[in-house]
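Residue-level structure breakdown
Residue strings, one per chain:
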Amino acid sequence: MKSRSTTRRSHRRALCLLAAPALAVSVLAAVPSASANAAACPAPAAAIGLSKAWKLQLPIPNSTGSPQEIFQPALATYAKAPWFTTNASCNAILLRAAVSGATTSNSGYPRSELREMNADGTATRSWPSTSGTHTMVVDQAITHLPKTKPHVMAGQIHDSDSDVTSFRLEGTSLYITSYNTTHYKLVTSNYKLGTRFQGKFVAHDGKVDVYYNGALKATVAAAFDSGYFKAGDYTQANCNNSSPCDSSNYGEVALYGVKVTHS
């Protein structure tokens, strides 16, 4: 015959076993999921304090098949996952363009990219490289490359005809471009996806000085009348040279900050 103390110990063990699953459920419920964290983030523009002086060009076709554009004031609160959204840490904009995305009439490649506008975002802005000093600083990381042709541009100066200079990643090699010279200056041959860096473009006196993490890396001869800055992801691949031809194949850039000044 069992003693009373043995009976009481058995009863307590049974209660503990019954309570364990409920406790586990309670603990799991208290841990926020990644999706819950993302949902709690501010809108992309607010996450990095983006100024009003931008419009957004997306790889999503509008009713005519051209890339959809988002203007101010809508851009201040706009988000469209996965093409333009806040990262899980709530401190960067993720800009993504799949190889199958819509393209502008003068390009065969898709983009999720910000285009410089005037101070209140109501009209496009352009400026000459031969007068004044025009600077853009981008705090960014290239986070994903398309397959087959793993090329992405992140941050650029464009003139009335073409891109003047940009940061261009091909596999692990990060270059500064000069017009059609895509390998104008090798910055590093060992870039790791997700590595955050600061790029700076300074246009003055008919040239552009390009800096990487504070160090001058290249000077591009560039006398133009109508230049403007762009920031974000310009995927340099499409369905003709990269597969699969769907939304799973994309380039992506995390933009932590961008600042433009003119003097």
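**Some thoughts on the environment of valine 187**
- Position of valine 187 relative to the elements: it lies in strand E10 (residues 181–188).
- On the accessibility criterion, valine 187 (15% relative accessible area) is buried.
- Taking the C-alpha atoms as reference points, valine 187 and tyrosine 211, separated by 24 residues in sequence, lie 9.8 Å from one another.
- Each residue touching valine 187, except ones within four places of it in the same chain, is listed here: Phe167, Leu174, Tyr175, Ile176 and Tyr212.

**Some remarks on the side chain of serine 173**
- Looking at the secondary structure, you find serine 173 in strand E9 (residues 173–178).
- Beyond its immediate chain neighbours, meaning those up to four positions away, serine 173 contacts Arg168, Leu186, Thr188 and Ser189.

**Overview of the sheet that holds E9**
- Taking strand neighbours across the sheet as the criterion, the 8 strands line up as E2-E1-E5-E14-E7-E8-E9-E10 in an open arrangement whose pairing is antiparallel. Only two strands of the sheet have a single partner each, and these edge strands are strand E2 (67–70) and E10. Strand after strand, the sheet turns through a mean of 20 degrees between neighbouring axes, direction not considered.
- Alignment of strand E7 (residues 151–158) against strand E8 (residues 163–170), held across 6 bridges, turns out to be antiparallel. Looking at E8, one finds that glutamine 156 is bridged to serine 166.

Conventions we followed
Residues numbered from 1 in each chain as written. Predicted model: local features only at pLDDT ≥ 70, side-chain atom pairs only at ≥ 80, totals over all residues. Heavy atoms only, no water. Helix = DSSP H or I, 4+ residues; strand = E, 2+ residues; numbered from the N terminus. Buried < 20%, exposed > 50% of the residue type's maximum accessible area, 1.4 Å probe, protein only. Contact = heavy atoms within 4.5 Å. Pairing = 2+ DSSP bridges. Axes fitted to C-alpha atoms, helices over the stretch in contact; angles between N-to-C directions.

Geometric values such as these leave the question of function open.
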